[in-house]
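Fold and geometry: a report
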Amino acid sequence: MEVESALHSCKVHQSRAITSRVHGFFHLTAVSFLLYYRLTNLFHQNNTLLSFAWAFITVSEFILAFIWALTQAFRWLPVTRSVSVENIPSDVSLPGIDVFVCTADPKKEPTVEVMNTVISALALDYPPEKLSVYLSDDGGSYISLYAIKEAFEFAKSWTPFCKNNGLKTRCPEAYFSMLADDERLFWSDEFKVQEEEIKSKYENFKSNVEKVGEKDENNCVAMDRPPSFVEIIHDNRKDNIEYKDEQTKMPGLVYVSRERRPSFPHRFKAGALNTLLRVSGIISNAPYILVLDCDMFCNDPNSAKQAMCFHLDPQMSHNLAFVQYPQVFYNVSKNDIYDGQSRSAYKTKWQGMDGLRGPLLSGTGFYMKRNALFGSPNQEDKYLAEPEKNFGTSGKLIESLESNKEQDVTRQGDSSDSIVEEAKRLASCSYEETTKWGYLLHCKGWKSVYLYPKRPCFLGCTTIDMKDAMVQLMKWSSELIKIALSKFSPLTYGMSRMSFFQSMCYGYFTFQPLLSVALLLYGIVPPLCLLSGTTLYPKLIAFIAINVRFQVHGSRCFQLCIFPPFFIMHMKSFQPVAHSEQFGMNKEFG
């Protein structure tokens, strides 16, 4: 079944959903028999050792069954979407967009790589007077401020070059690599001359930044920093006066380094985004926001217009909070042994959530409606009843919240100096004290959509070694389990505010770290019982029981432990899938 509008279409995979439901029914029957067998024999063991082993296996199988049950929500109603950018009316006034890019440490996040993300955002195919890019530098290092100024000077040549020649790869580092070889096959000699000039400018830009970055004092990260620093690198409100040629107009660019003190929690990326939300509110105040990781560049200049195909649709825009794109990475190997692409998440789970009320935020690559962060679809102004209690004492910030409905993106009334001074106050570490900052989206009735285009709109860099992958997984798991056990647990707080199946999807992500307990028990108890001659399964149904217990979690353990490694190594086309299952045993959330 397919639902279409002028700007986008939605295909419901009904046959896939029915197949999954039938499979789930038979799977549930098998799991129910297994759990019944465990419970009825739990207290009828002959010795203490066997009782403990039986109890551990029972706990493990209940955890696996619980997680498996939560995953069924993803398969209930999967959908896929497509857009028709060419159907956007030529006379429509596109809304403003603020792009947020966050970086923290130039030693861990190479400055040139961060600037490539900024440059690619500046080169989006969108009216420059409606586009502003904000860089949050939580490290407060000199190299970042120097580099963003150099990046803007280069972007003034790079952006017209891309737009005049219709290039899709607008990240310079990617363009001058093998990623964009197809775009340079059939160009004229004149184009090649222009390309050489641009490449020379880019190499000069890289050389300047890397030379400054060689000095350790320029890369220092200050955890205890004096008052915040805000600088408007380029104010696109003045372009109508300064630039007569449309091709020379540039988006706005703002550098923000918020104040940090050991006595105040800085809340990492979330705190940086909160700061950018406030600062941008008094500068450009665009009604839509694009959030990017510092290592995830814009790979398709039409991503903004693709998102607007949903946000401009009057039938769904009133309660649409954000459009989420998948995270796709360019630096993974062909076999992807650490499941960097998170295939099961972005090719299965997000599509499944899209059929319910939409996917959750992935942390990057999404176009968010600013109003969705402050109110609900039916009561957008409720948060303004006590603005100072909710958002602090900044008059300019409160004024920007009141003007959101009019999409006031120009704010011509204030001088740059007064705006910068107020922005510094909004970026101070103490501004959020006694306020009620915090966001709920799906619980307030907002919806989201998931778009997986053929050409990835954003390309990033992911972990490529075991150490970094496990550290990243540990960070995610530790925070997710805190949410699962808090008052905001999806299975308690969420059930009363979201649909049953959507709450199950959120519950899967938050309770997923429990899989480590179940798999650890399954890795220890059965081998010890085998060595001691203790049986955990009846002899007549041993083979069936083994298959059922591994089927509890989608046959993963069975595939990995029973299939000979030699067989898997020679199934070339299945290697990425096998590695995804192997490393993704408890790594589904990308």
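Residues numbered from 1 in each chain as written. Predicted model: local features only at pLDDT ≥ 70, side-chain atom pairs only at ≥ 80, totals over all residues. Heavy atoms only, no water.

**Examining the pairing of strand β12 (residues 366-369)**
Inclusion rule: Only protein chains enter the accessibility calculation, which uses a 1.4 Å probe; a residue whose area is less than 20% of its type maximum is buried, one above 50% is exposed, and one in between is partly exposed. Helix and strand assignments come from DSSP, with helices taken as H or I runs of at least 4 residues and strands as E runs of at least 2, each series counted from the N terminus. In this scheme, strands are said to pair when DSSP sees at least two bridges between them.
Side-chain alternation along β12 places Phe-366 and Met-368 on one buried face and Tyr-367 and Lys-369 on a second face that is also buried. Where strand β8 (residues 288-293) and β12 come together, four bridges link them in antiparallel fashion. Within β12, the residue paired with Ile-289 across the bridge is Met-368.

**Here we look at the packing of helix α4 (residues 142-165) against helix α6 (residues 189-213)**
To be explicit about the condition: The axes are straight lines fitted to the C-alpha atoms, using for helices just the contacting stretch, and the angles between their N-to-C directions are given from 0 to 180°. The labels follow the angle: roughly parallel below 35 degrees, roughly antiparallel above 145, roughly perpendicular from 65 to 115, and oblique for the rest. A contact between two residues is defined here by any heavy atoms of the two lying within 4.5 Å. All amino acids are sorted into three groups, where Ala, Val, Leu, Ile, Met, Phe, Trp, Tyr, Cys and Pro are nonpolar, Asp, Glu, Lys and Arg are charged, and the leftover types, Gly among them, are polar.
Put simply, α4 and α6 touch, their axes get as near as 10 Å, and they point 175° apart. Considering their axes alone, α4 and α6 lie roughly antiparallel with respect to each other. Here Tyr-142, Ile-143, Tyr-146, Ala-147, Glu-150, Ala-151, Phe-154, Ser-157, Trp-158, Phe-161 and Asn-165 of α4 lie close against α6, whose contacting residues are Phe-191, Gln-194, Glu-195, Ile-198, Lys-201, Tyr-202, Phe-205, Asn-208, Val-209, Val-212 and Gly-213. Residue composition of the contact of α4 with α6, by class: 14 nonpolar, five polar and three charged.

**Some remarks on helix α9 (residues 303-311)**
Where burial is concerned, most of α9 is hidden: eight out of the nine residues are buried. Along α9, the residues that are buried comprise Ser-303, Ala-304, Gln-306, Ala-307, Met-308, Cys-309, Phe-310 and His-311.

**With respect to the confidence of the model for the protein**
Applied cut-off: Per residue, pLDDT measures the predictor's confidence, with a range of 0 to 100.
Across the protein, pLDDT averages 85, with 85% of residues at or above 70. Here helix α20 (residues 565-569) stands out as the element of the protein with the lowest mean pLDDT, 32, in contrast to helix α3 (residues 111-122), whose mean of 98 is the highest. Note that residues 549-574 has pLDDT below 50 and, in this model, 42 contacts with residues that lie over four places away or in other chains. Here residues 585-590 is a poorly scored stretch, pLDDT under 50, and it has 34 contacts once near neighbours within four places are set aside; other chains count.

**A short note on the packing of aromatic side chains**
Stated formally: Stacked, tilted and edge-to-face pairs are distinguished by plane angle, under 30 degrees for stacked and over 60 for edge-to-face with tilted covering the rest, among Phe, Tyr and Trp rings (Trp via its six-membered ring) whose centres lie within 6.5 Å. For a Lys NZ or an Arg CZ to count as sitting over a ring, it must be within 6 Å of the ring centre and within 35 degrees of the ring normal.
Scanning the model with the defined rule gives 32 aromatic pairs in all. Relative to Tyr-146, the ring of Tyr-142 lies with its centre 6.2 Å away and its plane at 25°, an arrangement referred to as stacked. Of this pair, Tyr-142 and Tyr-146 both sit in helix α4, four residues apart, which is roughly one turn of that helix. One aromatic cluster is present, formed by Phe-154, Trp-158, Phe-161, Tyr-175, Phe-176, Phe-191, Tyr-202 and Phe-205 through successive ring pairs. Stacked on the ring of Phe-74, the Lys or Arg Lys-349 has its end atom at 5.6 Å from the ring centre.

**Some details on the sheet that holds strand β14 (residues 458-460)**
Within a beta sheet, neighbouring strands are joined by backbone hydrogen bonds and run either parallel or antiparallel to one another. On the basis of which strands lie adjacent, the open sheet formed by three strands has the order β9-β14-β11 and mixed pairing. Each edge of the open sheet is held by one strand with a lone partner, namely β9 (297-298) and β11 (328-329). Summarising the sheet, β11 and β14 pair through two bridges and their orientation is parallel. Bridging across to β14, Phe-329 finds its partner in Gly-460.

**Remarks on helix α10 (residues 343-354)**
What counts here: For a helix, the expected span equals 1.5 Å multiplied by the residue count minus one.
The end-to-end C-alpha distance of α10, which contains twelve residues, comes to 16 Å, matching closely the 16 Å that a straight helix rising 1.5 Å per residue would cover. Counted residue by residue, α10 has nine buried out of twelve residues, so it is predominantly covered. Considered for burial, the residues of α10 that qualify are Ser-344, Ala-345, Tyr-346, Lys-349, Trp-350, Gln-351, Gly-352, Met-353 and Asp-354. As for α10, its buried residues are in contact with α1 (14-41), β3 (79-83), β10 (320-324), β13 (447-450) and α16 (500-511).

**Topic: the sheet that holds β12**
One open sheet holds the eight strands; their spatial order is β6-β7-β5-β4-β8-β12-β10-β13, and the pairing between them is mixed. Since the sheet does not close on itself, it has two edges, and those belong to β6 (229-234) and β13, each with one partner. On average, adjacent strands in this sheet sit at an angle of 20° to one another, irrespective of strand direction. Judged from the four bridges that link them, β10 and β13 form a sheet pairing that is parallel. Looking across to β13, one finds that Gln-324 is bridged to Tyr-450. Contacts from α3 reach β4 (97-103), β5 (131-137), β7 (252-257) and β8 within the one sheet, and its direction differs from that of β5 by about 165°.

**Details of the nonpolar core**
Just so we agree on the cut-off: Residue types Ala, Val, Leu, Ile, Met, Phe, Trp, Tyr and Cys, when buried and joined through side-chain atoms within 4.5 Å, form a set referred to as a nonpolar core.
With 67 residues, the main nonpolar core has Ile-97, Val-99, Trp-158, Tyr-367 and Phe-458 as its most contacted residues. Here this core takes twelve residues from α4, the largest share from any one element. Setting aside anything within four residues of it in sequence, one finds Val-99 in contact with Ala-121, Leu-131, Ser-132, Val-133, Tyr-134, Leu-290 and Leu-292. Grouped together as the second largest cluster of nonpolar side chains are 35 residues, Val-230, Ile-289, Ala-372 and Ala-427 included.

**Details of unusual backbone geometry**
Unusually for a residue other than glycine, Arg-267 sits at a positive phi of about 60°. In this structure, Asn-285 takes a positive phi of about 55° despite not being glycine. Note on placement: Asn-285 falls in the loop between α8 (268-283) and β8.

**Structural notes on a nonpolar patch on the surface**
Note the following rule: Each patch groups residues whose relative accessible area exceeds 30% and which form no salt bridge, using 9 Å between like charges and 5 Å between nonpolar side chains of Val, Leu, Ile, Met, Phe, Trp and Tyr. Here the open area of atoms and residues is found with the Shrake-Rupley method and a 1.4 Å probe, where only the protein chains shown may cover a residue. Counted as salt bridges are all cases of a side-chain nitrogen of Lys or Arg within 4 Å of a carboxyl oxygen of Asp or Glu.
A cluster of nonpolar residues, Ile-18, Val-22, Phe-25 and Phe-26, forms a patch on the protein surface that exposes about 420 Å² of accessible area. Note that Ile-18 resides in helix α1. Among the residues examined, Ile-18 registers a relative accessible area of 45% and is labelled partly exposed.

**Quick notes on the pairing of β5**
To be explicit about the condition: The crossover handedness rule: strands pointing away from the viewer, path from first strand over the helix to second strand clockwise, crossover right-handed.
Of all the seven residues making up β5, seven are buried; the element is thus mostly covered by neighbouring parts of the structure. Along β5, one buried face is formed by Leu-131, Val-133, Leu-135 and Asp-137 and the opposite face, lined by Ser-132, Tyr-134 and Ser-136, is buried too. Pairing of β4 with β5 involves seven bridges; the strand directions are parallel. Counted as the bridge partner of Asp-98 is Ser-132 from β5. Where the polypeptide runs from β4 across α3 and back to β5, its parallel neighbour, the crossover connection is right-handed. Relative to β7, β5 runs parallel, the two being bridged by five bridges. Considered in β7, the bridge of Val-133 is made with Leu-253.

**Concerning the pattern of salt bridges**
Tallied over the full model, the rule gives 15 salt bridges. Among the ionic pairs, Glu-173 bridges to Lys-206, the shortest N-O distance being 3.4 Å. Of this pair, Glu-173 sits in helix α5 (residues 172-175) while Lys-206 sits in helix α6, and the two are 33 residues apart along the sequence. Relative accessible area serves as the criterion here: at 36%, Glu-173 is assigned to the partly exposed category. Here Lys-424 makes a salt bridge to Glu-421, at a shortest N to O gap of 3.8 Å.

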